[in-house]
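Survey of secondary and tertiary structure
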Amino acid sequence: MTEWHWDDLRVFLTLAREGSLTASARELDVSHPTVSRRIRALEDAFSTRLFDRLPDRFVLTAAGEELLADALEMERAAETVDRRSATLSDTAKGTVRVSAGEAMAGFIAAHLPEVRENLQCVEIELVSSHLLANLSRREADLLIREQVPDSANLITRRLGTVGYAVYGAKALVRRAVADGMKTVPWAGFDEEHTYMPGQKWLLDLLDGSRPVIRVNDWLVLRDIARSGAALTVLPCHIGDTDPSLTRFGETLPDVATDQWLLVHRDLRALPRIRGVMDALIRLFQNHRPTIEGLRNYNEDAEAGP
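Notes on the structure follow. Remember, predicted model here, so these are calculated numbers, not experimental data.

Analysis parameters
What you see as residue numbers is a count from 1 along each chain, following the sequence as written. Under the rules for a predicted model, residues below a pLDDT of 70 receive no local features and side-chain atom pairs below 80 are neither given nor counted, while totals for whole chains, interfaces and linings still include all residues. Water and hydrogen atoms play no part in the side-chain values, which are based on all heavy atoms of the structure. Salt bridge, as used here, is a side-chain nitrogen of Lys or Arg placed within 4 Å of a carboxyl oxygen of Asp or Glu. Counting from the N terminus, the helices are the DSSP runs of H or I reaching at least four residues and the strands are the DSSP runs of E reaching at least two. The cut-offs for exposure are 20% and 50% of the maximum accessible area for each residue type, with area from a 1.4 Å probe on protein chains only; residues under the lower value are buried, those over the upper are exposed, and the others partly exposed. Strand pairing is defined by DSSP finding a minimum of two bridges between the two strands. Lines fitted to C-alpha atoms define the axes here, with helix axes fitted over just the stretch in contact, and angles between the N-to-C directions of these axes take values from 0 to 180 degrees. When checking whether two residues touch, look at their non-hydrogen atoms; a contact exists if any pair is within 4.5 Å. Roughly parallel covers angles under 35 degrees, roughly antiparallel covers those over 145, roughly perpendicular covers 65 to 115, and oblique covers all other angles. Gly is put with the polar residues, along with every residue not named as nonpolar or charged; the nonpolar set is Ala, Val, Leu, Ile, Met, Phe, Trp, Tyr, Cys and Pro, and the charged set is Asp, Glu, Lys and Arg. Think of it this way: a Phe, Tyr or Trp ring, Trp meaning its six-membered ring, pairs with another when their centres are within 6.5 Å, and the plane angle makes it stacked under 30 degrees, edge-to-face over 60, tilted otherwise.

**Some points on the pattern of salt bridges**
Inspection of the entire model under this criterion finds 15 salt bridges. Where Arg 97 meets Glu 125, a salt bridge forms, and the shortest distance between an N and an O atom there is 2.6 Å. Of the two residues, Arg 97 sits in strand S3 (residues 94-100) while Glu 125 sits in strand S4 (residues 122-128), which places them 28 residues apart along the sequence. Judged by relative accessible area, which is 30%, Arg 97 ranks as partly exposed. Judged by its relative accessible area of 36%, Glu 125 falls in the partly exposed class.

This is the structure:
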């Protein structure tokens, strides 16, 4: 009888996805020789070569392609068991992992006492990332994102709409009011992140020219605006709550983004996850004017873009 282990199949799947021993070892958090040893053990168990070793990558053989289909089915079954095992305890205690972009993660962090008011037995892991965590693999329990992935396994709930406006230090905003918005320096996102809200508006304002300062993080943009180095576009819940920033005009038209709460359908009824979901929904409801940018802005900057 052929002897093999699920851990070896996990290594096999990772190498099939990554294509190299180095990348696979990094993904699995093991050593380079461990990946190689596990693959050899699996090939010995099945008495066949699963990968062709090319100079720059590993490529599945015909036998490897056949095994891949079965291994993927096993992986999906293991993920299902892992998710459902979390529901068997039926408890309001434990850890809930929430993934959000850095701007929204910062908003939640600023209001954690409110979120945890009735959830003192729940530990919260707040992960800041632009990447979409895989809920099926439990890379996170809850996601807050601007887009909804096309998946029948996800339950979605619209939390609210984020407004955006132009912000900067008071002196630079006054200069923009007096001399025009194109006369001052601007900060925005780098080329890999031009999909971020407000970046198309900014490029149009600058006639296609790139902002003179470019970053990949909303909170860094906030710090640049604070410094007086440039004006920038920020979510209103960041700009309006910062006393060192002044808003230039009203919220930008056609830049608002919806925020969605996503959970895997297998986990939505788990008490601790349901409790955090309800708390996040209430948080957005209670702070709707701040999130949408409906509060009054500094009269010193009263001028529209």
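Back to the text.
**Focus: the sheet that holds strand S10 (residues 232-235)**
Strand order in the open sheet formed by 3 strands is S10-S7-S11, with antiparallel pairing between adjacent strands. Each of the sheet's edge strands pairs with one partner strand only, and the pair in question is S10 and strand S11 (246-248). This sheet shows a mean twist of 55° between the axes of neighbouring strands, independent of strand direction. Packed on one face of the sheet, helix H7 (residues 170-179) meets strand S7 (164-168) and S11 and runs near 20° to S11.

**Quick look at the packing of helix H5 (residues 102-110) against helix H11 (residues 271-286)**
The contact between H5 and H11 brings their axes to 11 Å, and the two run at 95°. As the angle between them shows, H5 and H11 are arranged roughly perpendicular. Across from Met 104, Phe 107 and Ile 108 in H5, the residues of H11 making contact are Leu 280, Leu 283 and Phe 284.

**Examining the side chain of Asp 8**
Note on placement: Asp 8 falls in helix H1 (residues 6-18). Note on Asp 8: relative accessible area 7%, which makes it buried.

**With respect to the sheet that holds strand S5 (residues 142-145)**
Pairing is mixed in the open sheet, where 5 strands are placed in the order S4-S3-S5-S12-S6. Unpaired on one side and paired on the other, S4 and strand S6 (154-162) mark the two borders of the sheet. Averaged over all pairs of adjacent strands, the angle between their axes in this sheet comes to 20°, without regard to strand direction.

**So, the packing of helix H2 (residues 21-28) against helix H3 (residues 32-46)**
How two helices pack is summed up by the angle between their axes together with the distance between the axes. At a minimum axis distance of 8 Å, the contact between H2 and H3 shows a crossing angle of 105°. With respect to their mutual orientation, H2 and H3 come out roughly perpendicular. Contact residues: Leu 21, Thr 22, Ser 24, Ala 25 and Leu 28 in H2; His 32, Val 35 and Ser 36 in H3. Per-class residue counts for the contact of H2 with H3 are 4 nonpolar, 4 polar and no charged.

**A look at the packing of aromatic side chains**
In the structure shown here, the tally under the stated rule is 6 aromatic pairs. The interplanar angle of 70° and the centroid separation of 6.0 Å between the aromatic rings of Phe 51 and Phe 58 together place this pair among those described as edge-to-face. With respect to burial, Phe 51 and Phe 58 carry one shared label: buried. Taking the centre distance of 6.0 Å and the plane angle of 65° together, the rings of Trp 186 and Trp 201 count as edge-to-face. In this pair, Trp 186 is assigned in the loop between H7 and strand S8 (187-189) and Trp 201 in helix H8 (residues 199-205), connecting sequence segments 15 residues apart.

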